[in-house]
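Structural overview
So the chains spell out like this:
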Amino acid sequence: MAKARSSFVCQNCGAATNRWQGRCDACGDWNTIVEESRSPPTASRLARGRAFDLEGLAGESRPAPRAVTGIDEFDRVTGGGFVPGSVVLLGGEPGIGKSTLLIQACANLALRGDRVIYISGEEAAAQVRLRAARLGLAHAPVELAAATQVEDILATCGAGRQAALVVIDSIQTMHTQTADSSPGTVTQVRASAQSLLRYAKLSGAIVILVGHVTKDGQVAGPRVVEHMVDAVLSFEGDGAHHFRILRASKNRFGATGEIGVFEMTGRGLAEVANPSALFLAGRDALAPGAAVLAGMEGQRPLLLEIQALVAPSSLGTPRRAVVGFDQSRLAMILAVLETRGGLKFAAHDVYLNVAGGLRADEPAADLAAAAALVSSLCGAPLPPEQVYFGEIGLSGAVRPITHTGLRLKEAGKLGFRSAALPQAQQTNNEDRSAGVALFPCPHVEALICEIARRSTRRPKETPNAPPVEPKPGRP
Ligand code: TYD
Ligand code: MG
């Protein structure tokens, strides 16, 4: 009989080696390699397979109705509810509110008469019940258990009425007899997910797997699960803020890029129907260095405040720090403002922050970031009722971006009266009817001149500001 051998598997990326080593060759992580036993192929595994029927693309398939949780922000991210038979991975840092969100979704579905099973591998059933009571959901007929053995869980779910939704909280705590390594290892996580996946596809139940992420945002261990599941959702937020953002990074049944915004309250997660108003609340519109970006998150417009602080530096190499913005994008914008706009940042520390703990990743944020930087450098507050969007090219030209109409409409809805946007931007009559005046910026120079014109500092105090030129053409 063949001897059982072991292999050494990286717990981060799943790469296998024949001997233990301190650093994984595949992903470069240290101390992630763990010995896992590899069972030799048995006679039954080597048995010949059975032929199955193949089908055509035109075959009939009636899509079952999606399971709508009734939590609009959640349903938006899943693309209009969960698809029966699908497996969803929900990742997030510990304590962010994954269990809270899921128990709320479970309660809603159970109250509609669906069979909903919630398996907790981390908390005792009493703890989950206590949380449900605190959320005012104790009356919802959710079936609850604390278990970690996948075979037992599948037997339980298979008995009785067909389950519509099974929540596994979390996949890292599950173990299955089909793999003989210890719980929490990549092999166990992968084998458990595979069993649950098979159950979902055969029974038509929706399975939600909870996965914890590490500090740098990777779904630890379950990264190897990401390619198996139908959708990967991540629940993000900032410890200092009460709001949380749900995003889809993969979705086989809907668009990615959609976000759902929630606020953590004393009674669980509340939906935020108008996130722009939330993110702009409490802003100091009259302070220099604050620009409002009319951004997009998926198909939804979102207004964000980008704050810049440009302060004289005593350091040989001035500091460049960003929060919620890309460091290399800031370096590029500064280089363009210096080379094409004639400004000098070399003797200044530069800090750029997206207020509210959000991230501004789209290229359209360039113009808002540039406006905030110039405003802070010149000490000139930006018009409080103006929004900014546009991509800045290396030549200093401001380039068109997408979804102008949606951005302008959202700005108009929140009381903004003008928008600085790329000159080449196509705008139609509908865009103009949003009640927002357009200030087309062909080049960063036009933006700099406009801001310098508003500067209250005497020219002596703003050696960096360019000479004030006639105002660039306003439409
Ligand atoms: P939890 O859902 O347990 O997080 P996860 O499952 O992602 O680890 O959420 C825990 C946090 O949420 C905890 O720090 C307390 C907070 N919380 C509230 O602020 N209000 C509430 O109503 C609930 C249930 C939790
Ligand atoms: Mg939890």
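Residues numbered from 1 in each chain as written. Chains lettered and ligands numbered in written order. Predicted model: local features only at pLDDT ≥ 70, side-chain atom pairs only at ≥ 80, totals over all residues. Heavy atoms only, no water.

What follows is about the packing of helix H4 (residues 150–158) against helix H5 (residues 186–203). Interaxial distance between H4 and H5 falls to 10 Å at its minimum, and their mutual angle equals 15 degrees. What the angle tells us is that H4 and H5 run roughly parallel. Both H4 and H5 take part in a crossing whose hand is right-handed. In this structure, H4 uses Val150, Leu154 and Cys157 to contact H5, whose residues at the interface are Ser192, Ser195, Leu196 and Tyr199. Residue classes in the contact of H4 with H5 are distributed as five nonpolar, two polar and no charged. (Axes fitted to C-alpha atoms, helices over the stretch in contact; angles between N-to-C directions. Helix = DSSP H or I, 4+ residues; strand = E, 2+ residues; numbered from the N terminus. Parallel < 35°, antiparallel > 145°, perpendicular 65-115°, else oblique. Left-handed = near helix turned anticlockwise from the far one by under 90°. Contact = heavy atoms within 4.5 Å. Nonpolar A, V, L, I, M, F, W, Y, C, P; charged D, E, K, R; others polar.)

In this section: the environment of Pro94. Position of Pro94 among the secondary structure elements: in the loop between strand E4 (87–92) and helix H2 (98–111). For Pro94, a relative accessible area of 59% translates into the label exposed. Taking the C-alpha atoms as reference, Pro94 lies 6.3 Å from His212; in sequence the two are 118 residues apart. (Buried < 20%, exposed > 50% of the residue type's maximum accessible area, 1.4 Å probe, protein only.)

Once that is clear, we can look at the sheet that holds strand E7 (residues 165–169). In spatial order, the strands read E6-E5-E7-E8-E4-E9-E10-E11-E12; together these nine strands make up an open sheet with mixed pairing. Of all strands in the sheet, those bounded by a partner on one side alone are strand E6 (143–146) and strand E12 (268–271). Neighbouring strand axes in the sheet, compared pairwise and without regard to direction, differ in orientation by 25 degrees on average. In this sheet, strand E11 (residues 259–265) lies alongside strand E10 (residues 243–251) in antiparallel orientation, the contact comprising five bridges. Bridge assignment links Leu246 to a residue of E11, and that residue is Gly260. Across the face of the sheet, helix H3 (residues 125–134) comes into contact with strand E5 (116–120) and E6 while running at roughly 140 degrees to E6. (Pairing = 2+ DSSP bridges.)

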